[in-house]
Amino acid sequence: MALNPLTTRDHDVIDLPFLDAVSSFAKKLSHGDDYLVVSHHDADGVTACAIMVDLLRSLGKKVDYKVLKQLDSITISEIKDFTGKILVFTDMGSGHFTLLADHGVTDFFVVDHHNPECESPKQINPHSFGFNGGIDVSGSGMAYLVARALGRIDFAHLAIVGACGDMQDSGGKLRSINRMIMFDAIEQGTLKVKNDLRLFGRQSRSLVQMLAYASDPVLPHLTGNKRGCTQFLELNEIPVRDENNRLRNYVDLNHLERERLTTALYIHLLDANTPEFVIQRMIGEVYTLMREEKKTELRDAKEFATLLNACGRQEQPEIGVMVCLGDRGEYLALARSLLENHRRQLSAGLDYLSKKGVESKENLYFFDAEGEVKESIVGVVAGMAYGARIIPPDKPVLGFAQDRDDPDWLKVSARANYSLLRKGIHLGNAMNEGSSKFGGEGGGHDIAAGARVPKNKKEDFIKEVNNIFTTQVSN
């Protein structure tokens, strides 16, 4: 199927050389018979994996898949056990060409959106064509474009879930290539887009829960205060229960009630001296998946992404892949169970961090999980700690956890916030540069990243990253 010129509707036509390169790459990728798809364990990686598995199956190929927390010298040995298969890396791989070469991996393709280590005919990456993989397109978006080039267009909506999970809508809406994919999904009838209140839980949480658990932005005197949220809603004449005494969700509100609530929250945040740019992020595009059941986690792209992230953080990302591929029975039930367990662990992690506190350097905060917070959720806890005001928003935070695969190494999870990014902070670059100085590995996005460093170099690593942040904010 020829790849037609595509437009984002409110931007220029997407660069045709890029789409031509995607088409050429896709044809090369499709020539094999037996594949192993290897992907990252977050929502973007899980959706990318599902899109690629669906594509290859639709082409009649034999396909296995494996979802990893990260690709490193340890996990690559798990991949090498699948001898005779063509490897397809999705949402990872562009930064690992040296690692793959060092371990003798030669028969592979990379479909990624992270900064590439090098140029190669074995990969398709938006950075090679002047696009920013942090905001223009996600890993699942790249997987969708490859699938689309080969005639498989069914999962555009999954690419939107992946993009939202990767926080590429953080500016209030999707842009560039993501927006092109968004219009594909709208035309396919799988997605509806409108401007509305963007607080998490619009579909699956009650009004009180939506406000009480709000973290982006934090709602002063409301976040963490269910009684206060109830009073706030009643004061603004928004009933928390319907005529049958059932708790109402945001999607149950009529147009006037939604406007009333949005205005009240806007004034509330202004009165609390919340910066204008933070308040503005509260309103923007919301992405509704039209073929999913109303008032469930799958109906809203952000909530769907959270469900998939929970599967990854609970070390069962393959369950998320099955949900993406269409299971609405056994695997969806398992995913919901993992989500509940994930939420309990996050709550316990925040409680631990609030009691323990963090240590401070000039340009960063840091803490050691000490076995009390699972390695897989240390970064999530660190990010949530900003919203819970456990950690002040003026510096990035690093969370350290024991590497379960090697007692001589530590895993590092770094988190920042958007005000820090505006000052020049880029966590992915800092983790890569800082860890490599001590023989480790690291990388990621500007607002969320990770690394792996020797345990005996922890203090040196902290000092080095502190210096890197100094340079970043001074440039």
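Predicted, not measured: the structure shown is a model, and the values here were computed from it.

Scoring rules and cut-offs
Residues numbered from 1 in each chain as written. Predicted model: local features only at pLDDT ≥ 70, side-chain atom pairs only at ≥ 80, totals over all residues. Heavy atoms only, no water. Helix = DSSP H or I, 4+ residues; strand = E, 2+ residues; numbered from the N terminus. Rg over C-alpha atoms; globule rule 2.2 N^0.38 Å. Buried < 20%, exposed > 50% of the residue type's maximum accessible area, 1.4 Å probe, protein only. Contact = heavy atoms within 4.5 Å. Pairing = 2+ DSSP bridges. Right-handed = clockwise from strand over helix to strand, strands pointing away. Salt bridge = Lys/Arg side-chain N within 4 Å of Asp/Glu carboxyl O. 1 Å grid on protein atoms, 1.4 Å probe; cavity = no way out; pocket = protein on both sides within 12 Å on 5 of 7 lines; lining within 4 Å. Points joined across faces, edges and corners; volume = space filled by probe spheres on them. Axes fitted to C-alpha atoms, helices over the stretch in contact; angles between N-to-C directions.

Chemist: Can you walk me through the overall build of the protein in this structure?
Modeler: Helices and strands together make up the secondary structure of the protein, namely 18 helices and 13 strands. Taking 23 Å as the expected radius of gyration for a compact globule of 475 residues, we find that the protein reaches 22 Å, a close match to that expectation. Across its three principal directions, the C-alpha atoms of the protein cover 65 × 55 × 45 Å. Counting the 475 residues in the protein, one finds 55% classified as buried. Of the contacts made within the protein by residues no fewer than 6 positions apart, 64% connect residues no fewer than 24 positions apart.

Chemist: Whenever I open this one, the pairing of strand β4 (residues 108–111) confuses me. Can you help?
Modeler: Sheet faces and side chains relate simply in a regular strand, where the side chains alternate between the two faces. What you see with β4 is no split at all: Phe108 and Val110 on one side and Phe109 and Val111 on the other are buried throughout. Inspection of the sheet shows strand β3 (residues 86–90) paired to β4 by 4 bridges, in the parallel sense. By the bridge assignment, Thr90 is partnered in β4 with Val111. What joins β3 to β4 is helix α4 (residues 97–102), and the crossover it makes is right-handed. Two strands pair when backbone bridges link them, and β4 and strand β5 (residues 123–124) are joined in this way by 2 bridges, in the parallel orientation. Its bridge partner being in β5, Val111 is matched across the sheet by Ile124.

Chemist: Can you walk me through helix α6 (residues 156–165) in this structure?
Modeler: Residues separated by three or four positions in an α-helix point in the same direction, a consequence of the helix having 3.6 residues per turn. By the criterion of burial, α6 is predominantly enclosed, with 9 of the 10 residues buried. Here α6 has its buried residues at Ala156, His157, Leu158, Ala159, Ile160, Val161, Gly162, Ala163 and Cys164.

Chemist: Help me out: how do you make sense of the pattern of salt bridges in this one?
Modeler: Oppositely charged side chains may form a pair once their charged atoms are brought near each other. For the structure on display, the rule yields 28 salt bridges. With a shortest N-O distance of 3.1 Å, Asp169 and Arg198 are connected by a salt bridge. Of this pair, Asp169 sits in the loop between α6 and α7 (176–188) while Arg198 sits in the loop between β6 (191–197) and α8 (207–212); the two residues are 29 residues apart in sequence, bridging distant segments of the chain. You'll find Asp169 and Arg198 in the same group, each marked buried. Each of Lys69, Glu375, Asp403, Lys411 and Arg452 takes part in a single network of salt bridges with overlapping partners.

Chemist: Please explain empty space enclosed by the protein as it appears in this structure.
Modeler: Rolled over the atoms, a probe as big as a water molecule pinpoints where empty space is left. In total, this model carries 1 cavity of 30 Å³ or more according to the counting rule given. Counted as a void, the largest cavity has a volume near 80 Å³. Taken together, 13 residues line the largest cavity, and the ones lying closest to its centre are Arg198, Arg202, Val286, Asp300 and Lys302. Counting only elements with at least two residues in the lining of the largest cavity, the list comes to β7 (283–289) and α12 (301–313). In terms of residue count, β7 provides more of the lining of the largest cavity than any other element does, 3 residues in total.

Chemist: In this structure, what is going on with the layout of surface pockets? I would like to understand it.
Modeler: Of the voids in this model, the second largest pocket is the one considered here, and its volume is about 460 Å³. As for the second largest pocket, its lining consists of 26 residues, of which Lys69, Glu315, Glu375, Arg404 and Asp405 are closest to the centre. For the lining of the second largest pocket, the secondary structure elements donating two or more residues are β2 (62–68), α3 (75–80), α13 (317–324) and β10 (397–402).

Chemist: I tried to follow the pairing of β3 on my own but got confused; where do I start?
Modeler: Taking burial as the measure, the 5 residues of β3 include 5 buried ones, the bulk of the element. Every second residue of β3 is oriented toward a common face, with Ile86, Val88 and Thr90 on one face and Leu87 and Phe89 on the other, all of them buried. Sheet topology note: the strand β1 (residues 34–40)/β3 ladder contains 5 bridges and is parallel. For Val38, the partnering residue across the bridge sits in β3 and is Phe89.

Chemist: Even after reading the chapter, I still don't get the sheet that holds β10, so can you show me in this structure?
Modeler: Pairing between the strands of a sheet is mediated by backbone hydrogen bonds and can be parallel or antiparallel. Strand order in the open sheet formed by 6 strands is β8-β9-β10-β11-β13-β12, with mixed pairing between adjacent strands. In this open sheet, the two edge strands, each paired with only one partner strand, are β8 (359–360) and β12 (441–444). As judged from the 7 bridges shared by strand β11 (residues 409–415) and strand β13 (residues 448–454), these two strands associate in the antiparallel manner. In the sheet register, Leu410 faces β13, and the bridge partner there is Val453. Across the face of the sheet, helix α18 (residues 458–474) comes into contact with β9 (365–368), β10, β11 and β13 while running at roughly 160 degrees to β10.

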